[in-house]
Amino acid sequence: MFKQLITAVLCFVLLHTSAQTNLDSQLGMDPTVRTGVLPNGMKYYVKQNKKPEKRAELRLAVNVGSNAEDDDQQGLAHFLEHMAFNGTKNFKKNELVDYLESVGTKFGPHLNAYTSFDETVYMLQVPTDTAAVLEKGFQILEDWSYQLSLDPVEIDKERGVVIEEWRLGQGAQERMRRQYWPTLFRGSRYADRLPIGKKEILETFKYDVVKRFYEDWYRTDLMAVIAVGDFDPDLIEKMIKERFSKVPSKSTKRELKVWPVPDQKEMDVMVVTDKENQFNVIQHIYRLPVEASTTVKDYRSGMLSQLYALMFQTRLAELQKSTDPPFLFAAASYENFVRNKNAFITYAVVKQDGIIRGTKVITEENQRVKQFGFTEGELERAKKSYFKSIESAYNERDKSESANYAREYVANFLEKEPIPGIIAEFEMTKDLLDGITIEEINKLVGKWMANPENSILMVLATEKEGAKIPSADEVRGAFKDGSLTKVTAYVDKKVAETFMANTPSPGKVIEESKNESYNITTLKLANGATVHLKPTDFKNDEILLTANSLGGASLVEDVDYHNASMAAAIAEECGAGEFDKITIDKMLQGKNVSVGMDIGDYTESIDASCSPSDIETMFQLLYLKMTTVRKDSVAFLSMIAQQKGILENRLSVPENIFRDTVSYIMSGYNPRSKPMTIEMLSKLDMNRALQLYKKRFSDASDFTFTLVGNFDIATIKPLIETYLGGLPSTYKKENFRDLGVSQPLGKIEKEVKKGVEPKSSVAIKYNGTFKYDRKSRFEMNALLKLLSIKLRENLREEKGGVYGVGAFPSMKKMPKGYYEITIGFGCAPTNVKTLVDACEVEIKAIKANGCDDKNLTKVRETFLRERETYLKENSFWLNLISRSALDGESIDEIKDYNNWVKSLTSDDFKQLANRYLTNESYKLFVLNPIN
């Protein structure tokens, strides 16, 4: 619900405005969007967009949520949303989900809905290359709008599903929320209308009570239909008018009330504790009025808020880099809090004993800005960063995803957020940005914090033996001390314009070849490095890079394992070349560049990305990170202090203990798989870690680089020769080391008893040796897709025993071919055995009978539709090319993929289930509450 203003603004897309912007002019509507109001009062939005191809994003937005519930309906706005998938006039019971899965729409990613305090939104993606399927999509939206069945049998089934969703939400955060929510929203219905509702109502409500909500609030004046996709907009607009004009309007209408959050006359200070809470959190929320967003002047005001947030974030990040940081993480934002209230929020995560200090430091930083303001240098970098975000969206204006547009139009309907479009945004930004002064931004903190009485200062703390938790009065005192502290002005250090004044001596390309079928060029450099290049037009403002080399932490002894596994993170915090981490972050403001290094168990890797305009910066930073080891003891100690703070209460969370237990057992009790502890962190040696880092990244001849995205071979080739070809090499080809670790075979059953809430977590696992090739991986995914469908139909839809359930694979080649299948779900403790037995029933059925025709169609269509979209994504090709090189597989095998899908038979699933889901490899792990 806390939607940041920056997100709202940066999501805008497509319209034109004049170069001379009139601040009083209204923000117009993107002319590529067709909107209208039907005679019955229903609104519609239509936009043609070709990303992804052959797909449409459809939405039904209903301007009502849990705030509209009567006292006997608490939770039923959300319950009704569930019922939309359990029977309509034209789709009986579960036929709606069955039909959509049969055309390749995935339940969850492409078929979903949500309910909040003020709205309910249904989301659906459908293929557009078949007219009948597209028509069915709109039939579904029409059915949702006024033709739900609300069959009593289905209602009773769904009670269990929604109660399990409620159960999943129980825990420390929910218990603390119940304590502070009434104060946070005092005097407003937001205080007592959480969308999940009350368990006792969900269990006992009469059928006519949920029907009453549907009749009262699902009406045409509160609904909008949104369609964005690869289609003929004339046809779609006509279809909407013909179909949805028939939806009857209501002659008698209940008033939809607005529930304001009242201002308060005294600052509330709360300290809320829980034994199962992991992080100590400080939040100071200043309640503010909602500001208008209809004119260019309003848009400019939003720019000021975003620039302020960018600059303040940078300052807080610097404070986190001290030897003894005052907090583990801190942030500040100006946000849309709820529909009718904005907020300025400062937020910090601190160590167990850091609540008073953290409160004081955050308050001091706000006072520093209030007294001295930001500097011109800070504003200049923030402007560059802001403009880069707008420019990137502008560059991608013809490649933006349809779901992004649909999200904007939903917000326009529900919250009146303007949608002028990215062309208008880009022009306004160019016209307005330079004129924004440091003086007007510096006034914001005084404006936002002018009335501390209308705020709430909350501390969410971990209750533990021996820990002193400050009282509310002590926290109030820390705020007062921070407000009165005599602060000095922030000193902004000038940063360099480039990472490298002198470029390295280039290395030559000694061999070049091209795979014409896939437009992949391969370069062999004189230093031994291999580079695969695939230029694409999938995105205008995206270049992706990955690199891999064999070895990783397997080449060090156990005593050095943690130094090796943490080495890349330590090196990242120390910086690169002559630049510390703070300086690097500042230098990257205004650029779209990311370079990350990692040392895994069997490989070392690099993952990077950039805009085409920033590609040399990306190469420079990559070069520095591969060739320089910068020691920074302050940064190292800061990192260790923060990591210790993260770990100190980690085991207070039952789910963390459960995950650690399962992981350690499934590793065969490998000492390298023990969860990180504070004691282990204390033993890390910066010098040794950086020595290992240097060793893993110092030999370019061992690396294979892959680049995919919007670049030209002729243009990028000199940069590759300079920055990749210029890397040093020892020409020592390494391989990973098989440490002889063996995964546990045979049956295992393990119960972990932790937690006080009446909820259990179940993990059923199967594991064994695996022939690691592309077809085997495809077959494993097909089997688990079928199993997930069958488990959902049984455990969720038939028994109502779970909210979510699925089967997921992990397949590894190194050090030896190995697979691990996980079936996971949460449920009531009393239901564990019943649901575990139900899983076994479904597995036995597949082993005996394979896959029926209905589900075979679902599996096939899902895979074919997924692949159709993936082939137009840079990330898919990056992974395909790099993994093929690393695993020694042929890219040409992807030509066989569709044939593999189409040739799947029922008998294939029978054989696969008997091969991988064996009784001998069965393992059951259950987390149960203590009582």
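These numbers were taken from a predicted model, which means no experiment stands behind them.

Parameters at a glance
- Residues numbered from 1 in each chain as written.
- Predicted model: local features only at pLDDT ≥ 70, side-chain atom pairs only at ≥ 80, totals over all residues.
- Heavy atoms only, no water.
- Helix = DSSP H or I, 4+ residues; strand = E, 2+ residues; numbered from the N terminus.
- Rg over C-alpha atoms; globule rule 2.2 N^0.38 Å.
- Buried < 20%, exposed > 50% of the residue type's maximum accessible area, 1.4 Å probe, protein only.
- Contact = heavy atoms within 4.5 Å.
- Areas by Shrake-Rupley, 256 points an atom, 1.4 Å probe, with all protein chains shown as cover.
- Lys, Arg positive; Asp, Glu negative; His and termini not counted.
- Charge placed at Lys NZ, Arg CZ, Asp CG, Glu CD.
- Pairing = 2+ DSSP bridges.
- Axes fitted to C-alpha atoms, helices over the stretch in contact; angles between N-to-C directions.
- Disulfide = S-S within 2.5 Å.
- Phe/Tyr/Trp six-rings, centres within 6.5 Å; stacked < 30°, edge-to-face > 60°.
- Lys NZ or Arg CZ within 6 Å of the ring centre and 35° of its normal.

**Some remarks on the overall build of the protein**
Step number 1: From N to C terminus, the protein includes 31 helices and 24 strands.
Step number 2: Taken against the 2.2 N^0.38 rule, which gives 30 Å for 931 residues, the C-alpha radius of gyration of the protein at 29 Å falls within 12% of a compact globule.
Step number 3: By its C-alpha atoms, the protein is 80 × 75 × 65 Å across when sized along the principal axes.
Step number 4: Relative to its 931 residues, the protein shows a buried fraction of 58%.
Step number 5: A separation of at least 24 residues holds for 84% of the contacts in the protein among residues at least 6 apart in sequence.
Step number 6: Put simply, the protein shows about 38,100 Å² of open surface, and 50% of that area lies on carbon and sulfur atoms.
Step number 7: Between the centroid of the 127 positive side chains of the protein and the centroid of its 133 negative side chains there is a distance of 2 Å.

**Here's the deal with the sheet that holds strand β22 (residues 805–812)**
Step number 1: Spatially, five strands are ordered β20-β24-β21-β23-β22 in an open sheet, and the strand pairing comes out mixed. Single-partner strands in this sheet number two, and they are β20 (748–753) and β22. Ignoring which end each strand starts from, the neighbouring axes of this sheet average 15 degrees apart.
Step number 2: Judged from the eight bridges that link them, β22 and strand β23 (residues 818–827) form a sheet pairing that is antiparallel. In the sheet register, V805 faces β23, and the bridge partner there is F825.

**A word on unusual backbone geometry**
Excluding glycine, most residues fall at negative phi; most peptide bonds, likewise, are trans.
Step number 1: Along the chain, K51 connects to P52 via a cis peptide bond; the corresponding omega equals 0 degrees.
Step number 2: Relative to the helices and strands, P52 resides in the loop between β3 (43–48) and β4 (55–62).
Step number 3: Cis geometry is found at the peptide bond from M814 to P815, where omega equals 0 degrees.
Step number 4: Unusually for a residue other than glycine, L150 sits at a positive phi of about 50 degrees.
Step number 5: When its relative accessible area of 4% is taken as the criterion, L150 is described as buried.

**Side note on the state of the cysteines**
Step number 1: Under the counting rule described, the total for this entry stands at zero disulfides.
Step number 2: Looking at the unpaired C827, the closest cysteine sulfur is the one in C839, lying at 9.4 Å.
Step number 3: Relative accessible area serves as the criterion here: at 1%, C827 is assigned to the buried category.
Step number 4: When its relative accessible area of 1% is taken as the criterion, C839 is described as buried.

**Comments concerning the environment of L222**
Step number 1: Along the chain, the position of L222 falls in the loop between α8 (207–217) and β7 (223–229).
Step number 2: Put simply, L222 and P612 are 390 residues apart on the chain and 44 Å apart in space, counted from C-alpha to C-alpha.
Step number 3: Beyond its immediate sequence surroundings of up to four residues, L222 is in contact with A61, V62, N63, W217, L256 and F413.

**A short note on the packing of aromatic side chains**
Step number 1: By the definition in use, this model includes 43 aromatic pairs.
Step number 2: Aromatic side chains F79 and F205 sit 4.9 Å apart centroid to centroid with 80 degrees between the ring planes, which places their arrangement in the edge-to-face category. Residue F79 is located in helix α2 (residues 76–83), and its partner F205 is located in the loop between α7 (199–204) and α8; the two are separated by 126 residues in the primary sequence.
Step number 3: A centroid spacing of 5.0 Å and a plane angle of 55 degrees characterise the contact between Y214 and Y218, whose relative ring orientation is tilted.
Step number 4: Classification of Y214 as buried rests on a relative accessible area of 4%.
Step number 5: Classification of Y218 by relative accessible area gives buried; the value is 3%.
Step number 6: What links up through ring pairs into an aromatic cluster is the set Y286, Y308, F312, Y334, F344, F374 and W448.
Step number 7: In this structure, K47 is placed above the aromatic ring of Y405, and the distance from its NZ or CZ to the ring centre is 4.9 Å.
Step number 8: In this structure, R189 packs its charged tip against the face of W259, placed 4.1 Å from the ring centre.

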